[in-house]
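# Architecture and fold: a report
Here is what each chain is made of, one letter per residue.
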Amino acid sequence: MNNYSEKFEKMRVAGRVASKTLDMITDHIKPGITTEKIDNMCYEFIKDNGGHSAPLFYRGYKKSVCTSLNHVICHGIPSDRTLEEGDILNIDVTAIVNDYYGDTSRMFAVGEISVKAKNLINSTYESMMNAIKILKPGSKLGDIGYEIQSYVEEKGFSVVRDFCGHGISNTFHEPPNVLHYGKKNTGQELKPGMTFTIEPMINAGKYESKLLKDGWTAVTKDKSLSAQYEHTLGITENGYEIFTESVKGYTKPPYN
């Protein structure tokens, strides 16, 4: 028994609630639903499964999830905006269960989407998984950024610089910062028991972002499409454990 097994067990539970929330909402992502309705459904599901939503009232945020559409990079606020054919959507869910956090996001395609949008979504997912697969004690944080950056730039996409992954356990955001770009063998060394998110935000155009007047919504400066995926995970004695994997095996759209 190691000294972080209790923490990992609690994070498994919180991560499972968060990932099941995204599994639940999947069948509802179609033209005609509003992002407000998505928010309400996720709020109720998290509550019914013994948790509560971390974003709700966090630093004044008034919704339970983030819904980032098309050229929104992250922190899109649910509203009366109706999903339309061809939209791409990121839903970011963080559940708190017994004081521990599970933080995850996934991309969704609304009806039929463009080939470029599909390529962007697939590349974002694969970049995250490439970075996760190298995790083990002794790896460095810079290795994570290198894996993501090198993969997506080869595909002609760019990595957002203004937002990053973060440490997480019984606090929503804690050290270390996990950058999604970087050089091999640089940065902090990974050790067993560390828990953090990897959540690459990848743009179809240039990487620059800007913040809207609401103080939350980050968009691509050039209005190009953006995609994001996120997992919460922990470093084990000889590798890693993902706490937020889909119970239904969902990875990227189409989910069926």
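Note that this is a predicted model, so its numbers are computed, not measured. (Residues numbered from 1 in each chain as written. Predicted model: local features only at pLDDT ≥ 70, side-chain atom pairs only at ≥ 80, totals over all residues. Heavy atoms only, no water.)

### Quick notes on the pattern of salt bridges
Oppositely charged side chains are able to pair whenever their charged atoms sit close together. Enumeration over the complete set of coordinates arrives at 9 salt bridges. Two residues, E126 and K252, come together in a salt bridge whose shortest N-O distance is 2.4 Å. Here E126, found in helix α3 (residues 115–133), pairs with K252, found in the segment after β15 (240–242); they are 126 residues apart in sequence, far enough to count as distant. Judged by its relative accessible area of 24%, K252 falls in the partly exposed class. Among the charged side chains, a salt-bridge network with shared partners connects E9, R12 and E241. (Salt bridge = Lys/Arg side-chain N within 4 Å of Asp/Glu carboxyl O. Helix = DSSP H or I, 4+ residues; strand = E, 2+ residues; numbered from the N terminus. Buried < 20%, exposed > 50% of the residue type's maximum accessible area, 1.4 Å probe, protein only.)

### Notes on the side chain of D103
Summarising the element assignment, D103 is placed in strand β5 (residues 100–109). The buried charged residue D103 lacks any salt bridge, with R106 as its nearest oppositely charged partner at 11 Å. Separated by 2.8 Å, the side chains of D103 and T94 make a polar contact. Other than its neighbours up to four places away in sequence, D103 contacts D92, V93, T94, H166, I168, F172, T197, E230, H231, T232 and T244. (Lys, Arg positive; Asp, Glu negative; His and termini not counted. Polar contact = N/O pair within 3.5 Å; in protein donor to acceptor, adjacent residues only side chain to side chain. Contact = heavy atoms within 4.5 Å.)

### Digging into the sheet that holds strand β12 (residues 218–220)
Pairing in this open sheet of 3 strands is antiparallel, and the strands run β3-β12-β11 from one edge to the other. Only two strands of the sheet have a single partner each, and these edge strands are β3 (72–74) and β11 (209–211). Pairs of neighbouring strands in the sheet enclose a mean axial angle of 40°, with direction left out of account. Taken together, the 2 bridges between β3 and β12 define a ladder with antiparallel strand orientation. In the strand pairing of β12, C74 is matched with A218. (Pairing = 2+ DSSP bridges. Axes fitted to C-alpha atoms, helices over the stretch in contact; angles between N-to-C directions.)

### Considerations on the packing of aromatic side chains
In total, this model carries 8 aromatic pairs according to the counting rule given. By way of ring pairs, the aromatic residues Y4, F8 and F243 are connected into one cluster. Of note, R161 hangs over the ring of Y181, and the distance from its end group to the ring centre comes to 4.7 Å. Residue placement shows R161 over the ring face of Y207; its charged tip is 4.2 Å from the ring centre. (Phe/Tyr/Trp six-rings, centres within 6.5 Å; stacked < 30°, edge-to-face > 60°. Lys NZ or Arg CZ within 6 Å of the ring centre and 35° of its normal.)

### Description of the pairing of strand β14 (residues 231–235)
With respect to burial, β14 is a largely interior element, 5 of its 5 residues being buried. Residues H231, L233 and I235 of β14 are buried on one face, and the alternating residues T232 and G234, pointing to the opposite face, are buried as well. Where strand β9 (residues 195–198) meets β14, 4 bridges bridge the pair, whose relative direction is antiparallel. Looking at the pairing, F196 lines up with L233 of β14. Sheet topology note: the β14/β15 ladder contains 3 bridges and is antiparallel. Residue pairing in the sheet places I235 in a bridge with Y240 of β15. In this antiparallel pair of consecutive strands, β14 and β15, the connection spans 4 residues.

### Looking at the packing of α3 against helix α4 (residues 141–154)
Here α3 crosses α4 at 150°, and the two axes come no closer than 8 Å. Judged on the interaxial angle alone, α4 and α3 are roughly antiparallel. Of the two possible hands of crossing, α3 and α4 adopt the one that is right-handed. The segment α3 lies against α4, with S123, E126, S127, N130 and A131 engaging I144, E147, I148, Y151 and V152. Here the residues of the contact of α3 with α4 are counted per class, giving 5 nonpolar, 3 polar and 2 charged. (Parallel < 35°, antiparallel > 145°, perpendicular 65-115°, else oblique. Left-handed = near helix turned anticlockwise from the far one by under 90°. Nonpolar A, V, L, I, M, F, W, Y, C, P; charged D, E, K, R; others polar.)

### Examining the sheet that holds strand β10 (residues 201–203)
The antiparallel open sheet is built from 3 strands, whose spatial order is β6-β10-β13. Of all the strands in the sheet, just β6 (158–159) and β13 (226–228) have a single pairing partner and so form its edges. Here β6 runs beside β10; their pairing, made up of 2 bridges, is antiparallel. Bridge assignment links V159 to a residue of β10, and that residue is I202. Against the sheet, α3 makes contact with β10 and β13, and its axis sits at roughly 35° relative to β13, the strand it touches most.

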